[in-house]
Amino acid sequence: MSFEEEDEAFEHTLLVVREVAVYKIPPRSTSGGYKCGEWLQSDKIWSGRLRVVSCKDRCEIRLEDPNSGELFAACFVNPGQRETSVETVLDSSRYFVLKIEDGRGKHAFIGLGFSERNEAFDFNVALSDHEKYVRREHEKESSAAAGEVGDDTHIDIHPAVNHRLKEGETIRINVKPKPTSGTGMLSAAGLSGPGKPKTVGLAPPPGSAKIRSPLPPPPNDPAAARRTSGNQGVDIKENTRRGSDSLSDLSPLERSLPSSTGSGSTKNTAAGWAAF
């Protein structure tokens, strides 16, 4: 297989546009770039098919006859040289300037125009896809080369260990229980969780018990003597009142008894009541 046949075997078509226009452009007027408004309709020199082909690292823009496939011109976009080979104009998104080569070291600049904006957009996308493809391939080659060097110099001093349990093996875990302690409202009330409950001392309600003096008064206390004599006077008065009340109750009985003449009967009656 020749070199040309090998290159053709690795070709990959990225984009096909059925009709484009090619213009003869004047020299660049300013350093800013080209303007398609300066191109005249009479400067159109060719129309035909455009193909974007990926050939390994290089991308080729081929202008071909749509019927015979004969090559009219070709623009070669080498890696990192897209700006010098394909240049956008300043006043339109549908027109570009291509650097064409004849394969003998000679080159020229021509104008390229698309009839639709979508076709111009697809043209830019195809060129970007080729650049990404070349970048990925270079990264793969670099990583593969680094991996071969690393495999030769790396020595594994920690062999892989299988930590999986064998058949019949078990794992036992000892967990120490933490001591429970009452917190929050239980601690404030004197309760400490599920353990033995503590008794809570509550004060009696007011007025439910008499207040007692812790010590008796001294024997020679005049205030205590006055309180004692006063209590005794009150008891004597109450007893006298009760006796008078009991005698007053007997007066109706005396009136109901039959009266008898003579002092003897009166005395006897009085003596009998007195004995009673």
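Residues numbered from 1 in each chain as written. Predicted model: local features only at pLDDT ≥ 70, side-chain atom pairs only at ≥ 80, totals over all residues. Heavy atoms only, no water.

Going by an unreviewed UniProt entry, the protein chain carries the name Talin and comes from Trema orientale.

Caption draft 1: Representation of the environment of Phe 123. Mapped onto the secondary structure, Phe 123 falls in helix α3 (residues 117-153). Taking C-alpha positions, Phe 123 is 9.1 Å from Leu 14, a pair spaced 109 residues apart along the chain. Leaving out residues up to four positions away in the same chain, Phe 123 has contacts with Leu 15, Leu 50, Val 52, Ile 61, Val 86, Phe 96, Leu 112 and Phe 114. (Helix = DSSP H or I, 4+ residues; strand = E, 2+ residues; numbered from the N terminus. Contact = heavy atoms within 4.5 Å.)

Caption draft 2: Region of the structure containing unusual backbone geometry. Phi is positive for Lys 56, close to 55 degrees, though the residue is something other than glycine. One can find Lys 56 in the loop between β2 (44-55) and β3 (58-64).

Caption draft 3: Structural context of the pattern of salt bridges. Summed over all chains, the structure comprises seven salt bridges. For Glu 64, the salt bridge goes to Arg 51, with nearest N and O atoms at 3.0 Å. With Glu 64 in strand β3 and Arg 51 in strand β2, this pair connects stretches of sequence that are 13 residues apart. Exposure class is identical for Glu 64 and Arg 51. Each is buried. For Arg 82, the salt bridge is made with Glu 131, and the minimal N-O distance between the two is 3.7 Å. In this pair, Arg 82 is assigned in helix α2 (residues 82-85) and Glu 131 in helix α3, connecting sequence segments 49 residues apart. (Salt bridge = Lys/Arg side-chain N within 4 Å of Asp/Glu carboxyl O. Buried < 20%, exposed > 50% of the residue type's maximum accessible area, 1.4 Å probe, protein only.)

Caption draft 4: Highlighting the nonpolar core. Core analysis: the biggest nonpolar cluster contains 24 residues, and Leu 50, Ile 61, Leu 63, Val 86, Phe 114 and Phe 123 have the highest contact counts within it. The contacts of Ile 61, once residues within four sequence positions are left out, are Leu 50, Arg 51, Ala 73, Ala 74, Cys 75, Val 77, Val 86, Leu 98, Phe 123 and Leu 127. In terms of nonpolar packing, the next biggest core, distinct from the first, is built from nine residues, Tyr 23, Cys 36, Val 89 and Tyr 95 among them. (Core = buried A, V, L, I, M, F, W, Y, C linked by side-chain atoms within 4.5 Å.)

Caption draft 5: Structural view of the pairing of strand β1 (residues 11-24). In the sheet, β1 pairs with β2 via 10 bridges, with the strands oriented antiparallel. Bridge pairing links Val 20 to Gly 48 in β2. Note: β1 against strand β7 (residues 107-113), four bridges, orientation antiparallel. Considered in β7, the bridge of Ala 21 is made with Gly 113. (Pairing = 2+ DSSP bridges.)

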